[in-house]
Structure formats: C-alpha cells, structure tokens
Amino acid sequence: MELERFKSTVIPLREKLQIFAKGILRNDIDAEDAVQETFLRLWNVRSQLNTHPNIGGFAMQTLKNICIDRLRSERYDVAIDNVAISTTAVTPYTYTEQNDSVTVIRKIIDTLPETQRRIMLMRDVEGYELDEIAEIMGAGAATVRVNLSRARKTVRDKFLSINK
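Here is a short report on the structure shown in this document.

Scoring rules and cut-offs
- Residues numbered from 1 in each chain as written.
- Predicted model: local features only at pLDDT ≥ 70, side-chain atom pairs only at ≥ 80, totals over all residues.
- Heavy atoms only, no water.
- Helix = DSSP H or I, 4+ residues; strand = E, 2+ residues; numbered from the N terminus.
- Buried < 20%, exposed > 50% of the residue type's maximum accessible area, 1.4 Å probe, protein only.
- Contact = heavy atoms within 4.5 Å.
- Phe/Tyr/Trp six-rings, centres within 6.5 Å; stacked < 30°, edge-to-face > 60°.

Some details on the side chain of Asn 147
Move 1: Along the chain, Asn 147 falls in helix H9 (residues 141-162).
Move 2: Relative accessible area serves as the criterion here: at 14%, Asn 147 is assigned to the buried category.
Move 3: Other than its neighbours up to four places away in sequence, Asn 147 contacts Thr 115, Gln 116 and Ile 119.

Focus on unusual backbone geometry
Move 1: The backbone of Arg 26 shows a phi angle near 60 degrees, a positive value even though the residue is not glycine.
Move 2: With respect to the secondary-structure elements, Arg 26 resides in the loop between helix H2 (14-25) and helix H3 (28-44).

Some thoughts on the packing of aromatic side chains
Move 1: The final tally for this structure, using the stated rule, is 1 aromatic pair.
Move 2: Aromatic side chains Phe 6 and Trp 43 sit 5.1 Å apart centroid to centroid with 80 degrees between the ring planes, which places their arrangement in the edge-to-face category. Highlighted residues: Phe 6 in helix H1 (residues 3-9) and Trp 43 in helix H3, separated in sequence by 37 residues.
Move 3: Exposure remark for Phe 6: the relative accessible area of 6% places this residue in the buried category.

Spelled out as structure tokens, the structure:
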C-alpha cells in the first residue's frame, strides 16, 4: 500500500479509533498514544493491507490489542499491600488482625521460590487466567497449575504454623 492510499484509507479512521481507545483506557493522552501506535503497526504491515478485506476492522482489532497490552502492563504495578481488607465487621480488633495477616502472608509469599511467587502474584493478586500466566512464563498450563498449588500450600502451611 502506497502512502496516498494509506492516507485515504487508514487516517480517516482516527476519530473512530480515538473514541474506541478512550473508552477502554479512560484517558485522552493514553488513547492518543494507542492510536499512534496502531498507525505505526498498520504502516509496518502496509504491504498486507492491500489484500485485507476489512482494513477498518483490522485497525480496530490492532488498537484493541494495544489497549489490552497497556492495561495488562499496568497490572504489574499492583502491590500486595493494596489488597482490599474485608470490611464486613469493622472493629479496630478485626481490622488490625486482618492487616497483620496480610503482612504475614506478604512476608511468606516473599520467601517462595521466584517462579512460585510470580505465578501466585499473577493469579491471586493481579487476576490473570492460568493460560495467560503460562504464556507469560513460557511454561505449560499444567506446570503453572502445579506451581500455583505448591505455592498456595506452602503459604497456607506456613501461615497456619505461625498462627497456632
């Protein structure tokens, strides 16, 4: 695809892409960055766009993937300290007890082998699916399940031994 055809076919999609990205990212600046990255990716595969039956759909799918990648990368910034503490029966005693438990569990998680620690944080804190974790870790889903199970068992056993 030549520059002029690219300009006449892809660039007019900017407003539609911008609205879509803002709906996902909830930020004008991040949405604009995602649209720009979409244009760059489309430009890099412009030779394939000549034969593509739906360039607008392809652009939207590319933008959606970019937005999802950005949201996922933000997940890594979640600290375990930000895990919500149950507020069903808030008394100073229960709040302190739950807060202390979170601190103890965090210390136990920090002692896990690196692979188990990462898998446990991705699954239980950041909410990734097992297939996503397997892809990120470059391992099979069965391996991820085994490591997650071992990590949870270790944390449970150590926590229970501390709180006897």
